[in-house]
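# Results of the structural survey
Here is what each chain is made of, one letter per residue.
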Amino acid sequence: MPISPLAGKAAPRELLIDPSQLEREYCERRPDLGNKNQLVSFGTSGHRGSPLNGSFTEAHILAITQAICDYRRSQGYDGPLHMGKDTHAVSGPAQRTALEVLAGNNVETTIQRDDGFTPTPVISRAILVYNRNRKEHLADGIVITPSHNPPADGGFKYNPPNGGPADTDVTRWVERRANELLRDGTGIKRIPFAAAIKANTTHQEDFVLPYVEDLRNVIDMDAIRGAGLKLGVDPLGGAAAPYWEPINSIYHLDIAVANPTIDPTFSFMTVDHDGQIRMDPSSPYAMARLVNLKNQYDVAFANDPDSDRHGIVTPSSGLMNPNHYLAVAIRYLVTHRRTWPAHVAVGKTLVSSSMIDRVVHQLGRSLCEVPVGFKWFVPGLFEGSLCFGGEESAGASFLRMDGTVWTTDKDGPIMDLLAAEITARIGKDPGELYQELTNQFGTPYYTRIDAPATPDQKARLQKLSPEGVATDTLAGEPITAKLTSAPGNGAPIGGLKVMTDNGWFAARPSGTEDIYKIYAESFKDQSHLAAIVQEAQEIVTDALRSPDLALQEQEVR
């Protein structure tokens, strides 16, 4: 992957957005309904786009919010809807638009008071707490965020009463209905914002303190305080920024907020690998400033704008690869949460490191391997059959101390604080503990690359069967498994995973670009990893040319 000469450097002026222009485009631009890229489209994390290309406008938010109101009505959900937003420039305008529709539909809606920001996990937890022991009048939620995407982007996602990202059946329903409304232009109930904010159905409350005070039930805050750790956090200008001082105050911790600035241009960021401003806490380029401070803290951490992702910085290793930290976190939690039932499984996405497999096997626990997307962990976390769910892109959550659900969406702050708890209890930082894992299980070499693919090739890759892979070896080793469905739940992975004893690759088409993604890992060395990647591209190319696949597609038609 080519690295921009700006990577890791302060964002230059010419990269900065103009928030007022972005808001004008949001309000005034009308999507081109003949362009599929400007229709409502729910990916793994809701609808995302930008006013600058007509894919995230007021028209989209009116349609999506009305579709959610219609969906709620069809399901009989009549409890409060908790709505949060992050710090992206168009998140505020989108929340105002959504509130106009929610009030127009007489939906009881709770937002953070004083026009404040609310992280994704805070909304998930609030839904679950409200619904605890309820059978009717259930709460659900909306979070307005494009996650770590660039400043010009917007995002909008729905969390049903289980608190997690909506599953595919729900998002298809909402997407279909929203596009009907987008095309028709009628059927949207809306009142002016001045009336909506004062409506009897609109409630402005504080989400901060209830979440902060409940942290003691998922993290050993006493251990962190007792160890006297010096901690650092960079919220990356995101929705968690107002949470860290209350955490300090209530638990008497020493967490220095390295960057308290909230600025919708994100001008304080260092530029990501591709020359874009991207608030990605797993990127060493976006995290360059905090990494440079690593020796000032026992542990430091960061989150993206909606705080569902984490980045862990230690004196021993700098910014940890998300896969490495997941493995450390899993080993620690399984061995230190003694009240968790012994039968509960550990969840991971199938493109996460197989170091996790080795750790879980050594602990004698079951592994639940699911397709990409945190929504696949929701049922297990909700019912307590999964104690942990984590994905390679630095998103994870886990159960409360008593083995009950905490959140069913990714929670960056608890993963941050867990790093502090681990350091306090073990006396070593997570980077040091990962080195112990490599001494025990070997060193994995992991990569992800993008390869070009036409829309037709992407569609064929999604339909690939294991029989479409003709070879029996990968990088000199016998293939032990060819997967097109996840072993943990049998769900289609939308691609292919091929495994050997010492390596694997997975190939998945991108939902937004004419590429497919190859994830690969070797437990031998870099040259073995390179061989896996090269052969992976050859295997996928040959499989997509396969006459058997073409025949299967004809038979389906």
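Quick caveat: nothing in here was measured; it's all calculated off a predicted structure.

How each quantity is defined
Numbering of residues starts from 1 in each chain and follows the order in which that chain's sequence is written. Reporting in this predicted model follows two pLDDT cut-offs: at least 70 for local features of residues, and 80 or more for side-chain atom pairs to be given and counted; totals over whole chains, interfaces and linings ignore these cut-offs and use all residues. Side-chain figures throughout are based on the complete set of non-hydrogen atoms in the structure, without hydrogens or water. Each helix corresponds to a stretch of at least 4 residues labelled H or I by DSSP, and each strand to a stretch of at least 2 residues labelled E; elements are numbered beginning at the N terminus. The rule is simple: take the accessible area with a 1.4 Å probe, protein chains only, and divide by the maximum for that residue type; under 20% is buried, over 50% is exposed, in between is partly exposed. Whether two residues touch is decided by their heavy atoms; if any such pair falls within 4.5 Å, the residues are in contact. When charges are counted, neither His nor the chain ends are considered; positive counts come from Lys and Arg and negative counts from Asp and Glu. Charge placement uses NZ in Lys and CZ in Arg. For Asp and Glu, CG and CD serve respectively. For two strands to pair, DSSP has to find at least two bridges joining them. Convention adopted: a line fitted to C-alpha atoms gives each axis, helices being fitted over their contacting stretch, and angles between N-to-C directions are expressed from 0 to 180 degrees. Cavities and pockets are defined on a 1 Å grid built over the protein atoms alone: a cavity is a set of grid points where a 1.4 Å probe fits but cannot escape, while a pocket is an open set with protein on both sides within 12 Å along at least five of seven lines, and lining residues are those with an atom within 4 Å of any such point. Grid points are joined across faces, edges and corners, and a volume is the space filled by probe spheres set on the points. Charged residues are taken to be Asp, Glu, Lys and Arg, nonpolar residues to be Ala, Val, Leu, Ile, Met, Phe, Trp, Tyr, Cys and Pro, and polar residues to be all remaining types, Gly included. Just so you know how the angles are binned, under 35 degrees is roughly parallel, over 145 roughly antiparallel, 65 to 115 roughly perpendicular, and the rest oblique. A clockwise turn of the near helix away from the far one marks a right-handed crossing, whereas an anticlockwise turn of less than a right angle marks a left-handed crossing. Summary of the metric used: pLDDT quantifies the predictor's per-residue confidence within the range 0 to 100. The criterion for an aromatic pair is that two Phe, Tyr or Trp rings (for Trp, the six-membered ring) have centres within 6.5 Å, with stacked assigned to planes under 30 degrees apart, edge-to-face to planes over 60 apart and tilted to the rest. Here, nonpolar core refers to any group of buried Ala, Val, Leu, Ile, Met, Phe, Trp, Tyr and Cys residues whose side-chain atoms link them within 4.5 Å.

## What about the overall build of the chain?
A tally of regular secondary structure across the chain gives 18 helices and 23 strands. Over its C-alpha atoms, taken along the principal directions, the chain stretches across nearly 70 × 65 × 55 Å. Counting all 557 residues of the chain, 59% fall into the buried class. Counted over contacts in the chain with a minimum sequence separation of 6, partners at least 24 positions apart contribute 71%. Within the chain, the 68 negative side-chain charges are centred at a point lying 2 Å from the centre of the 53 positive side-chain charges.

## Describing the sheet that holds strand 15 (residues 386-391)
Reading across the sheet, the four strands line up as 14-13-15-16 and stay open at both edges, with mixed pairing between neighbours. Strands with a single pairing partner mark the edges of an open sheet, and in this sheet they are strand 14 (367-370) and strand 16 (395-398). Averaged over all adjacent pairs, the angle separating strand axes in this sheet is 15 degrees, with direction ignored. Lying on the sheet, helix 11 (residues 322-336) is in contact with strand 13 (345-349), strand 15 and strand 16; it crosses strand 15 at an angle near 170 degrees.

## Considering the layout of surface pockets
Size it by volume and the second largest pocket reaches roughly 240 Å³. Lining the second largest pocket are L128, N131, R132, N133, R134, L138, P161, N162, F382, T404 and V405. Grouping the constituent residues of the lining of the second largest pocket by class yields five nonpolar, four polar and two charged.

## A few points about the packing of helix 11 against helix 14 (residues 412-426)
Contact geometry of helix 11 with helix 14 gives a least axis separation of 11 Å together with a crossing angle of 60 degrees. Viewed along their axes, helix 11 and helix 14 adopt a mutual orientation that is oblique. Handedness of the helix 11/helix 14 crossing: left-handed. Where helix 11 abuts helix 14, its residues Y325, L326, V328, A329, Y332, L333 and H336 lie against M415, L418, A419, E421, I422, R425 and I426.

## Comments concerning empty space enclosed by the protein
A full pass over the atoms with the stated rule returns two cavities of 30 Å³ or more. What lines the largest cavity is F42, G43, T44, S45, G46, K157, Y158, P165, A166 and T171. Contributions of two or more residues to the lining of the largest cavity are made by strand 1 (42-43) and strand 6 (154-159). The residue inventory of the lining of the largest cavity, partitioned by class, reads four nonpolar, five polar and one charged. Taken as a whole, the second largest cavity holds about 30 Å³ of empty space.

## Some details on unusual backbone geometry
Although it is not a glycine, H137 sits at a positive phi angle of roughly 55 degrees. Among the structural elements, H137 can be located in the loop between helix 4 (120-131) and strand 5 (140-144). Phi is positive for A475, close to 50 degrees, though the residue is something other than glycine. Locating A475 in the fold gives a position in the loop between strand 18 (473-474) and strand 19 (477-478). A residue is classified by how much of its surface remains accessible, and A475, at 14% relative accessible area, is buried.

## Considering the packing of helix 2 (residues 58-75) against helix 5 (residues 168-184)
Their axes nearest at 8 Å, the elements helix 2 and helix 5 cross at an angle of 125 degrees. Taken together, the axes of helix 2 and helix 5 are oblique relative to one another. The interaxial crossing formed by helix 2 with helix 5 has right-handed handedness. Note on element contacts: helix 5 touches helix 2 through V170, W173, V174, R177, A178, L181 and L182, opposite A59, H60, A63, I64, Q66, A67, I68, D70, Y71 and S74. Taken together, the residues of the contact of helix 2 with helix 5 break down into twelve nonpolar, three polar and two charged.

## Digging into the confidence of the model for the chain
Of the residues in the chain, 97% reach a pLDDT of 70 or more, and the chain-wide mean stands at 95. Within the model, pLDDT remains below 50 along residues 549-557, and this stretch shows nine contacts once partners closer than five positions in the same chain are excluded.

## Examining the side chain of T349
Structurally, T349 can be placed in strand 13. Leave out the neighbours within four places in its chain, and T349 touches E369, V370, P371, V372, G373, F377, G390, E391 and E392.

## Re the packing of aromatic side chains
Centre distance and the angle of the planes are the two values used to describe a pair of aromatic rings. Evaluation of the coordinates by the stated rule reveals eleven aromatic pairs. Here Y71 and W173 contribute two aromatic rings whose centre-to-centre distance is 5.4 Å and whose plane-to-plane angle is 65 degrees, an arrangement assigned as edge-to-face. In this pair, Y71 is assigned in helix 2 and W173 in helix 5, connecting sequence segments 102 residues apart. Classification of W173 by relative accessible area gives partly exposed; the value is 25%.

## Some details on the nonpolar core
For soluble globular proteins, nonpolar side chains are generally found buried alongside one another. Among the nonpolar cores identified, the biggest contains 69 residues, and F388 and F398 are the most heavily contacted of them. For this core, the leading source of residues is helix 11, giving nine residues. Residues contacting F398, with those up to four places away along its chain left out, are V218, I219, L333, R337, W340, L381, C387, F388, W406, I414, M415 and L418.

## Details of the sheet that holds strand 20 (residues 481-485)
Note on sheets: strands pair through backbone hydrogen bonds, and any given pair is parallel or antiparallel. With respect to topology, five strands assemble into an open sheet ordered 17-23-22-21-20, the strand pairing being antiparallel. What marks the edges here is a single partner per strand, and that holds for strand 17 (445-452) and strand 20. Each adjacent strand pair in this sheet contributes to an overall mean axis angle of 15 degrees, direction not counted. By the bridge criterion, seven bridges tie strand 22 (residues 503-509) to strand 23 (residues 515-522) in an arrangement that is antiparallel. By the bridge assignment, A506 is partnered in strand 23 with Y519. Sitting on the sheet, helix 16 (residues 455-462) touches strand 17, strand 21 (492-499), strand 22 and strand 23, and the angle it makes with strand 22 is about 125 degrees.

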